[in-house]
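Next come the chains, spelled out residue by residue.
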Amino acid sequence: MAKMLAARLHALGEPMSVDTIEVPTPRPTDVLVRVKACGIVPNMANVINNWPTWFPHQPLPKFPAIFGLDAAGVVEQVGEAVLHTKPGDRVYVNPLRSCGSCQVCRGGELSRCRYFTLNGYFSTSRDGQKIFDLYPYGGFAEFMTAPQYSIVHLPDTMTFEQAGKLGYIGTSYGALRNAGAGPGQVALVDGVTGTLGVASTVLALASGASRVLGTGRSEELLKRVKELDPDRVEVFRLGEGSTGEWAKSRTGGEGADYVISALGAKAPVETMLDSMQGVRRGGKVVNVGGVADRLPVDVKWLMDEQVQLIGSNWFSTAQGQELADMVATGALDLSYLQAKPFPLARVNEAISGLTDRDGGFSNYVVIP
């Protein structure tokens with residue numbers, strides 16, 4: 001059997017070890033991908049070190065586990081029932097996995113499946129272990145198998161390193177789709193300097209937003225966000241007043257057409273509540289950052305103002321293909337990403353090094 005190198009986690013709190021294991025064989029509807037780059041999730045260090053205290057009812061893959069969420073590479077082999085992908089194709093592997101046969105899966109809404117699992121990361125379902133058993137290979141390996149429904153075909157103008165960020169870019173894109181983002185609108189992005197925030201800003205601009213109002217804590221990063229489009233981006237430092245009042249003041253009292261809450265899990269609930277007040281009557285608030293504490297929502301305000309509060313989780317493979325096509329046509333420019341590649345042997349260093357000062361502009365990737 002052919003062999004490959006894979007970084008595997010043998011126990012929580014321990015460093016990954018680079019082991020030699022067998023190259024997997026794709027099933028009839030699977031593809032085998034030679035991984036060229038795999039993005040590192042900023043939250044990965046918390047997952048592999050502190051998982052039981054975070055989400056104890058959501059499973060991780062069985063140990064020894066191969067993590068790696070955002071893999072991109074070249075198709076090495078395809079199963080006999082694969083129809084639209086061939087060896088040599090440049091691809092991104094969407095890690096969203098589902099059962100594929102329940103009512104919501106048959107309707108194309110895989111993220112609503114009770115088996116929803118992010119391959120190479122964690123599951124949001126108690127039943128997710130069954131998916132991990134079917135697809136135990138993440139992107140921190142030289143090869144991985146994936147179902148054909150997860151494949152996004154990449155243009156030659158998109159590097160594998162850029163594709164390794166598609167998980168976060170796609171998550172932001174899904175949030176904008178849920179917000180009904182379009183030309184001429186005003187967006188308010190709360191947490192604009194983080195990975196999701198910067199991606200949401202770039203995508204809102206690409207969708208024709210007239211203005212993007214962004215909040216964050218780092219003056220340096222806020223300046224960099226504004227430089228993405230000085231004429232259309234305005235920024236506000238959290239802690240220097242009310243985000244909601246600022247957004248209303250910048251829109252003639254109307255408020256933003258939609259709010260993208262891209263705050264992290266540990267952000268104060270009060271920050272999100274404040275930004276929600278910056279949306280216009282009939283607008284949408286989309287939570288994509290995952291503030292962990294309970295949100296005391298004024299439902300009468302939601303009713304009176306006809307505001308929609310929407311939770312947005314990941315993105316579809318079709319949406320991932322739309323992003324790749326936007327890059328191909330030049331509608332989406334990913335040159336803002338600063339690739340920081342690490343060889344597989346330094347995967348632990350890469351995961352622990354995600355505390356630099358570049359915020360959502362950085363792109364840590366492992367190169368197997």
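Reference entry: report on the structure contained in this document. None of the values given here were measured: they were computed from a predicted structure.

### Observations regarding the environment of Ala37
As for its placement among the helices and strands, Ala37 is situated in strand S3 (residues 30–39). Sequence spacing of Ala37 and Val235 is 198 residues, and the spatial spacing of their C-alpha atoms is 33 Å. The residues contacting Ala37, other than those within four sequence positions of it, are Asp70, Ala71, Ala72, Phe160, Glu161, Val366, Ile367 and Pro368.

### A closer look at unusual backbone geometry
Phe63 connects to Pro64 through a cis peptide bond whose omega is -5°. Relative to the helices and strands, Pro64 is located in the loop between helix H1 (44–54) and strand S4 (70–78). You will see that Gln306, though not glycine, has its phi angle at about 55°, which is positive. Topologically, Gln306 is positioned in the loop between helix H10 (299–305) and strand S15 (308–311). Its relative accessible area of 52% is what places Gln306 among the exposed residues.

### A look at the pattern of salt bridges
One pass over the structure, following the stated rule, counts 21 salt bridges. Two residues, Asp19 and Arg8, come together in a salt bridge whose shortest N-O distance is 2.9 Å. Taken together, the positions of Asp19 in strand S2 (residues 17–22) and Arg8 in strand S1 (residues 3–8) put the pair eleven residues apart, joining distant regions of the chain. Residue Glu219 pairs with Arg237 through a salt bridge whose shortest N-O separation is 2.6 Å. Of the two residues, Glu219 is situated in helix H7 (residues 219–226) and Arg237 in strand S12 (residues 233–237); the sequence distance between them amounts to 18 residues.

### Let's talk about the packing of aromatic side chains
If you walk through the whole model with that rule in mind, you get five aromatic pairs. Between the aromatic rings of Tyr121 and Phe122, the centroid separation amounts to 4.5 Å while the plane-to-plane angle is 50°, which identifies the pairing as tilted. Taken as a pair, Tyr121 and Phe122 share a single burial class, namely buried. Note that Arg27 overlies the ring of Tyr135, its terminal NZ or CZ placed 4.9 Å from the centroid.

### Let's talk about helix H11 (residues 317–329)
Its 13 residues give H11 an end-to-end C-alpha distance of 18 Å, which sits within 8% of 18 Å, the value for a rise of 1.5 Å per residue. Considered for burial, the residues of H11 that qualify are Thr317, Gln319, Gly320, Leu323, Ala324, Met326 and Val327. Those residues of H11 that are buried are in contact with strand S9 (151–153), helix H5 (166–179) and helix H6 (195–206). Trailing H11 by a residue or two, Gly330 shows a phi angle of about 90°, which is positive.

### Brief notes about H7
Within H7, the full set of buried residues consists of Leu221, Leu222, Arg224 and Val225. Axial view of H7: buried residues confined to an arc of 160°, hence all on one face. Projecting away from the buried face of H7 at angles above 90 degrees are the exposed residues Glu219 and Lys223.

Scoring rules and cut-offs
- Residues numbered from 1 in each chain as written.
- Predicted model: local features only at pLDDT ≥ 70, side-chain atom pairs only at ≥ 80, totals over all residues.
- Heavy atoms only, no water.
- Helix = DSSP H or I, 4+ residues; strand = E, 2+ residues; numbered from the N terminus.
- Contact = heavy atoms within 4.5 Å.
- Buried < 20%, exposed > 50% of the residue type's maximum accessible area, 1.4 Å probe, protein only.
- Salt bridge = Lys/Arg side-chain N within 4 Å of Asp/Glu carboxyl O.
- Phe/Tyr/Trp six-rings, centres within 6.5 Å; stacked < 30°, edge-to-face > 60°.
- Lys NZ or Arg CZ within 6 Å of the ring centre and 35° of its normal.
- Expected span 1.5 Å × (residues − 1).
- Arc of directions from axis to C-beta.

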